Amino acid sequence: MPIHLLSPEVSSQIAAGEVVERPASVVKELLENALDAGARHISITVEGAGKRLIEVADDGCGIPTVELTLAVARHATSKLNSAADLFRIATLGFRGEALASIGSVARLTLTSRPAEAAVGGQLRLEGGVAGEVQPVGVPVGTAARVENLFFNIPARLKFLKSDLTERRAIDDLVTRYALAYPQVRFHLQQENHPSLQTSGNGNRREILAALYGVEVAQQLLEVLADYDVVRINGYISPISLTRSNRREITFFVNGRWVHDAALTTALVQAYHTQLMVGRYPLAVLFLDLPPEMVDVNVHPAKAEVRFRDRDSVFSGVQRAVRRALLAYTPVPGLEAELLTPPQIPSFPPSQPSSAPAPFLPITPPPQLPASPTPLLRLVGQIASTYLVAEGPDGLYLIDQHAAHERVLFEKLMMQHAGGEGGENKIPAQSLLQPATVELPPAGARLLANQLPLLARLGFQVEPFGPTTFLVRAIPALLSGADPVAALRVIVEDFEEDETPLQAELEARLIARVCKRAAVKAGQTLSPAEQHALLDGLESCSSPRTCPHGRPTMIHLSVDLLERQFGRRGAR
Ligand code: ADP
Ligand code: MG
């Protein structure tokens, strides 16, 4: 075949194919137009899984009748003027392609009336051919009606998934946009049934409940962080709540839903080793950056973006997520995940039953009775790493490191809370021989500013030269721990985040130091040490997780053992 130019019909179908892949892509483009038009109320109607009908009606600014024909022309937009504008895009649309693309692969009826016009106009476009604009009496706003999608591209129709899948893709899309724009009232009707209705009152948790159910929505942790490069807010799941795939991880960048594998990886990494292999968190995170820091013009469907300062954005996501995870002590449902026994037995002493509020700073545990009766009988240590104990309702395997972290953490937090206001801070123990620590200049500066805080935590540290410090005392509870190593983890923490909330910072520092000071896996413990650890754990208010959220113990209930050994259910 000799080289020839493609006909306008063919080239517009090729272009349309990039923008309109499936019914949900039509909904997305129309939703974005409505949001760009400043709509407060958006109503979406879908029939035949979007193949028969998609209608999106809004109460936004409307399109002047004289501009209707232009609106459906390719590369016609009211949102962009110069090439330079491309790098400061504040609207969702800018390519001026959506309506033209939709009009070339479906029948599009565009009806609109701006507020200042007495009547509206209507324009029909079918297979790329536009009709005449007709005057119509309609309310202010715009309605785009898309019928017979892909009627002229049968091959595309064959590539669509089942109706169920296409409908779900629309549900997912609209719900995510509803989450991103909680002040806008969304109404989605699929096959004559209301599928989503939001109130537009700005409450995101309500919408999360519609998406995931009330129980899951209540468990989600709030993320809120304001860094130089990026502002991050949204919701993430605690470590106890996971999915087997990444599908429930959603990122919005400047109000735009984006698919970015690297952002997803950053998020998953923030959970660290706390998630089991093959499990993923749920997350809806909204990132806001100055428009010039994001290139949105990299993908025809605008589903991908490029960050000018990629690394800072990713590390911002990780810091924000880690902070939210750490600021929250989960009530775990460990057995449910691992072994699924019929019910989760409660570990004594019973935990505070009220579910912790999201973004709860780590609070000191409530005062416990002086000597709670030990309820676990120690059996011994295995692999120099785990303690084995028997409880009234089965067997417990305890991770000695995680357990010790928890014990130290709660004791220190208790002492810390006791000392508030008064002189009585966390008791310090002087070192026989002060230890010297040499730090890099940046770390030294950070530490120098925080010496009073360290003193409250039981660390007596003095400057000793420009980048050198003398550690004179450490918290009494940590006696025997390496003072230099403990100080270094604190400095690392300062470096990670220079402006955290004070209360959160203190709790986090204490958690860090405890991690460092706790007995390690592989360390053989004497029977007396094993007993002390178990007793300590029993008097914790949240004995089931370490301060970083990892489980301290695995419970094998008698019931489970009986089932595993075929003693029950075999009848
Ligand atoms: P883009 O959104 O990239 O500008 P579109 O093809 O989606 O391109 O829309 C073309 C133009 O039509 C928009 O720039 C806007 O001026 C107008 N428009 C489309 N939909 C609406 C709407 N719902 N309300 C008001 N104006 C609209
Ligand atoms: Mg658009």
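Use the structure listed above.
If you're wondering where the values come from, they're calculated on a predicted model, not measured in any experiment.

### A few points about the site of ligand 1
Inference 1: Close to ligand 1 lie 19 residues; Asn33, Thr77, Ser78, Lys79 and Gly96 are nearest.
Inference 2: Asparagine 33 has a polar side-chain atom sitting 2.8 Å from an oxygen atom of ligand 1.
Inference 3: Here an oxygen atom of ligand 1 sits 3.2 Å away from a polar atom, N or O, in the main chain of alanine 98.
Inference 4: Relative to its free-state accessible area of 520 Å², ligand 1 is covered by the protein chains to the extent of 92%.
Inference 5: Of all the secondary-structure elements, those providing two or more residues to the shell around ligand 1 are helix H2 (23–36) and helix H4 (98–105).

### Quick word on the sheet that holds strand E21 (residues 460–463)
Pairing between sheet strands relies on hydrogen bonds along the backbone, with the strands arranged either parallel or antiparallel.
Inference 1: Strand order across the open sheet formed by three strands is E20-E22-E21, with antiparallel pairing between neighbours. Each end of this open sheet is capped by a strand with a single partner; those strands are strand E20 (428–438) and E21. The sheet shows a mean angle of 20° between the axes of neighbouring strands, direction not considered.
Inference 2: Alignment of E21 against strand E22 (residues 468–475), held across four bridges, turns out to be antiparallel. The residue bridging glutamine 460 from the neighbouring strand is alanine 473, located in E22.

### Points about the pattern of salt bridges
Inference 1: Counted according to the given criterion, the structure contains 19 salt bridges.
Inference 2: The shortest N-O distance in the salt bridge between lysine 79 and aspartate 36 comes to 2.9 Å. Here aspartate 36 lies in helix H2 and lysine 79 lies in the loop between helix H3 (68–71) and H4, a separation of 43 residues in the sequence.
Inference 3: Arginine 95 is the salt-bridge partner of glutamate 97, the closest N and O atoms lying 3.0 Å from each other.
Inference 4: By relative accessible area, which is 23% here, arginine 95 ends up partly exposed.
Inference 5: Three or more residues joined by partner-sharing salt bridges are found here, namely Glu55, Arg107, Glu126, Arg145 and Glu147.

### Comments concerning the nonpolar core
Inference 1: In this structure, Leu30, Leu31, Ile42, Ile44, Val174, Tyr177 and Phe186 are the most contacted members of the largest nonpolar core, which totals 60 residues.
Inference 2: Counting residues per element, this core draws most heavily on helix H6 (residues 163–180), which supplies eight residues.
Inference 3: Residue contacts for isoleucine 44: discarding those within four places in its chain leaves Val27, Leu31, Glu55, Val56, Val174, Phe186, His187, Leu188 and Gln189.
Inference 4: In terms of nonpolar packing, the next biggest core, distinct from the first, is built from 36 residues, Phe94, Tyr227, Val230 and Leu285 among them.

### Re the pairing of strand E3 (residues 107–113)
Inference 1: Counting buried positions along E3 gives six out of seven residues, so the element sits mostly inside the fold.
Inference 2: In terms of strand pairing, E3 meets strand E4 (residues 120–126) through six bridges, oriented antiparallel. When the sheet's bridge partners are listed, serine 112 is paired in E4 with glycine 121.
Inference 3: Between the end of E3 and the start of E4, which pair antiparallel, lie six residues.
Inference 4: One ladder, built from seven bridges, connects E3 with strand E7 (residues 141–147); its direction is antiparallel.

### Quick word on helix H10 (residues 310–326)
Because an α-helix packs 3.6 residues into every turn, residues spaced three or four apart end up facing the same way.
Inference 1: Between its terminal C-alpha atoms H10 stretches 24 Å, which fits the 24 Å expected from 17 residues at 1.5 Å a residue.
Inference 2: Those residues of H10 lying buried are Val313, Phe314, Gly316, Val317, Gln318, Ala320, Val321, Arg323, Ala324, Leu325 and Leu326.

### Some remarks on the packing of H2 against H4
Relative orientation and spacing of two packed helices are given, respectively, by the angle between their axes and the distance between those axes.
Inference 1: Closest axis-to-axis distance for the H2/H4 pair is 10 Å, and the angle between their directions is 145°. The two elements H2 and H4 cross, and the hand of that crossing is left-handed. Contacts between H2 and H4 involve Val26, Glu29, Leu30 and Asn33 from the first element and Ala98, Leu99 and Ile102 from the second.
Inference 2: Here the residues of the contact of H2 with H4 are counted per class, giving five nonpolar, one polar and one charged.

### Thoughts on the sheet that holds strand E18 (residues 386–391)
Inference 1: An order of E17-E18-E19-E23 is seen for the four strands of this open sheet, with the pairing classed as antiparallel. Each edge of the open sheet is held by one strand with a lone partner, namely strand E17 (377–382) and strand E23 (553–557). The mean angle between the axes of side-by-side strands here comes to 20°, regardless of whether they run parallel or antiparallel.
Inference 2: Sheet contacts for helix H12 (residues 400–418): E17, E18 and strand E19 (394–399); angle to E19, the most-contacted strand, approximately 80°.
Inference 3: Packing of helix H17 (residues 527–538) onto the sheet brings it into contact with E17, E18, E19 and E23, and relative to E17 it is tilted by some 120°.

### A short note on the side chain of glutamate 29
Inference 1: Examined against the element boundaries, glutamate 29 turns out to sit in helix H2.
Inference 2: Residue glutamate 29 is classed as buried on the basis of its relative accessible area of 4%.
Inference 3: Glutamate 29 has contacts with Val19, Ala98, Ile102, Ala301 and Lys302, leaving out every residue within four places of it along the chain.

About the thresholds
- Residues numbered from 1 in each chain as written.
- Chains lettered and ligands numbered in written order.
- Predicted model: local features only at pLDDT ≥ 70, side-chain atom pairs only at ≥ 80, totals over all residues.
- Heavy atoms only, no water.
- Near = heavy atom within 4 Å.
- Polar contact = N/O pair within 3.5 Å; in protein donor to acceptor, adjacent residues only side chain to side chain.
- Areas by Shrake-Rupley, 256 points an atom, 1.4 Å probe, with all protein chains shown as cover.
- Helix = DSSP H or I, 4+ residues; strand = E, 2+ residues; numbered from the N terminus.
- Pairing = 2+ DSSP bridges.
- Axes fitted to C-alpha atoms, helices over the stretch in contact; angles between N-to-C directions.
- Salt bridge = Lys/Arg side-chain N within 4 Å of Asp/Glu carboxyl O.
- Buried < 20%, exposed > 50% of the residue type's maximum accessible area, 1.4 Å probe, protein only.
- Core = buried A, V, L, I, M, F, W, Y, C linked by side-chain atoms within 4.5 Å.
- Contact = heavy atoms within 4.5 Å.
- Expected span 1.5 Å × (residues − 1).
- Left-handed = near helix turned anticlockwise from the far one by under 90°.
- Nonpolar A, V, L, I, M, F, W, Y, C, P; charged D, E, K, R; others polar.

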